[in-house]
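# Breakdown of the fold
The chain contents come next:
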Amino acid sequence: MQPSSPRSRVGHYLWRWTRLFAVGYLLVLLVLLLFENYLLYPAPRYPAGDWEAPNLPHEEVHFVSADGTKLHGWYFEHPQPRAVVLYCHGNGDHVAYLGPHLAELRRTLGVSIFAFDYRGYGRSEGAPAEAGILEDAAAARDWLARRAGVRPADLVLIGRSLGGGVVVDLAAAAGARGLVLQNTFTSLPDVAANIYPWLPVRLMMKNRYDSLAKIGRYQGPLFQSHGTRDELVPLALGQKLFAAAPGPKRFFEHDGGHNSAEPPEYYGELARFLDELPANSVSPPAMIATPAPAD
């Protein structure tokens, strides 16, 4: 038997390593497919966080999503609100982490504000996924409209990061008095493609939150902010989403990362935005909901 030539040995090794790489690549794809929701929704749960919050003037709220999932939130009511706000948080938050921030927004902006936890977060039941979370947001909007005695389309919607995708969906479907977006994206696959450019995430991902495709259906005022050093959602994605919004809009750029606090001047601009909102919704009229006591 003749010994193999150097060229054949090199070919053998190349084939071996190519095969190992292909198997590894397919395993990575399989893991991302199977554990997409787990990776996307870290979903902090009770009891992590300050759930007692004795110094925060909030109301405990329990309500139900369209499919019967029991949800939980905190309502911070203002006696003479400049606006009534629904706040949708990012994928790593829940209300017990956000309590001091929400109380400060109530005080400094003069708003009534309601934040809730998506299914699987905080004290809300269930497991998070896009369709369910969007249903949860619609249920939260309807609860807040009843509680505050306003039309759903007369709420101001604030969404941060993942919450931006949630409130764009709400605004596109049913309108809003105003829309506020913080460090949000065109779509989740666009964010994932920036992080994993070597994976076909645009084809793989089940959770889409395709705000770029939806925002053209919202004609109302938009106030959008983004950090220039955002390491998770590139500034360019925020700018692209902003460019697609057809209504009156303004963009606030600040020198911060994805989870950085907005600078003090941001809140001055946000207060000015709220003051300039129309008294009534710019969306087609809807029946005013009858106020209801908290559950």
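Just so you know, these numbers come straight off a predicted model, no measurement behind them.

How each quantity is defined
- Residues numbered from 1 in each chain as written.
- Predicted model: local features only at pLDDT ≥ 70, side-chain atom pairs only at ≥ 80, totals over all residues.
- Heavy atoms only, no water.
- Patch = residues over 30% accessible without salt bridge, like charges linked within 9 Å, V, L, I, M, F, W, Y side chains within 5 Å.
- Areas by Shrake-Rupley, 256 points an atom, 1.4 Å probe, with all protein chains shown as cover.
- Salt bridge = Lys/Arg side-chain N within 4 Å of Asp/Glu carboxyl O.
- Helix = DSSP H or I, 4+ residues; strand = E, 2+ residues; numbered from the N terminus.
- Buried < 20%, exposed > 50% of the residue type's maximum accessible area, 1.4 Å probe, protein only.
- Polar contact = N/O pair within 3.5 Å; in protein donor to acceptor, adjacent residues only side chain to side chain.
- Contact = heavy atoms within 4.5 Å.
- 1 Å grid on protein atoms, 1.4 Å probe; cavity = no way out; pocket = protein on both sides within 12 Å on 5 of 7 lines; lining within 4 Å.
- Points joined across faces, edges and corners; volume = space filled by probe spheres on them.
- Pairing = 2+ DSSP bridges.
- Right-handed = clockwise from strand over helix to strand, strands pointing away.
- Bend = angle between axes of the 7 residues up to and from the residue.

### Notes on a nonpolar patch on the surface
Together, Leu34, Phe35, Tyr38 and Leu39 make up a nonpolar patch on the protein surface, roughly 500 Å² of accessible area in all. Among the structural elements, Tyr38 can be located in helix H2 (residues 36-40). Owing to a relative accessible area of 65%, Tyr38 belongs among the exposed residues under this scheme.

### Considering the side chain of His72
Assignment of secondary structure puts His72 in strand E2 (residues 70-76). According to the relative accessible area criterion, His72 is buried, its value standing at 1%. One polar contact links His72 to Glu60, side chain to side chain, over a distance of 2.5 Å. Beyond its immediate sequence surroundings of up to four residues, His72 is in contact with Trp51, Glu60, Val61, His62, Phe63, Val95, Phe116, Asp117, Arg123 and Ser124.

### Some details on empty space enclosed by the protein
All chains considered together, the criterion is met by one cavity of 30 Å³ or more. For the largest cavity, the calculated volume is near 30 Å³. Residue lining of the largest cavity: Tyr87, His101, Leu105, Ile158, Gln182, Tyr266, Tyr267 and Leu270, and that is the complete set. Contributions of two or more residues to the lining of the largest cavity are made by helix H3 (95-109) and helix H10 (264-275). Per-element accounting of the lining of the largest cavity gives the leading share, three residues, to H10.

### With respect to the pairing of strand E5 (residues 156-160)
A large share of E5 lies buried, amounting to five of its five residues. Every second residue of E5 is oriented toward a common face, with Val156, Ile158 and Arg160 on one face and Leu157 and Gly159 on the other, all of them buried. Direction of pairing for strand E3 (residues 84-88) relative to E5: parallel, over a ladder of four bridges. Each residue of the ladder has a partner; that of Cys88, found in E5, is Gly159. Here five bridges tie E5 to strand E6 (residues 178-182), and the two strands are oriented parallel to one another. Considered in E6, the bridge of Gly159 is made with Leu181. In this fold, E5 hands off to helix H5 (residues 162-174), which returns the chain to E6; that crossover is right-handed.

### A word on the layout of surface pockets
Counted as a void, the largest pocket has a volume near 460 Å³. In terms of lining, the largest pocket is formed by 18 residues, of which the most central are Leu39, Leu40, Ala192, Tyr196 and Met205. Secondary structure elements with two or more residues in the lining of the largest pocket: H2, helix H6 (188-195) and helix H7 (201-204). For the lining of the largest pocket, the element with the highest residue contribution is H6, accounting for four residues. In this structure, the second largest pocket encloses a volume near 250 Å³. Along the walls of the second largest pocket sit 15 residues, with Tyr87, Asp93, Leu98, Arg160 and Asn259 positioned nearest its centre.

### Overview of H3
Where H3 bends most, the angle comes to about 30°, and this point is His101. Those residues of H3 that sit buried are Val95, Ala96, Leu98, Gly99, Leu102, Ala103, Leu105, Arg106 and Leu109. Buried residues along H3 sit against E2, E3, strand E4 (112-117) and H10. Phi for Gly110, located one or two positions after H3, is positive at around 70°.

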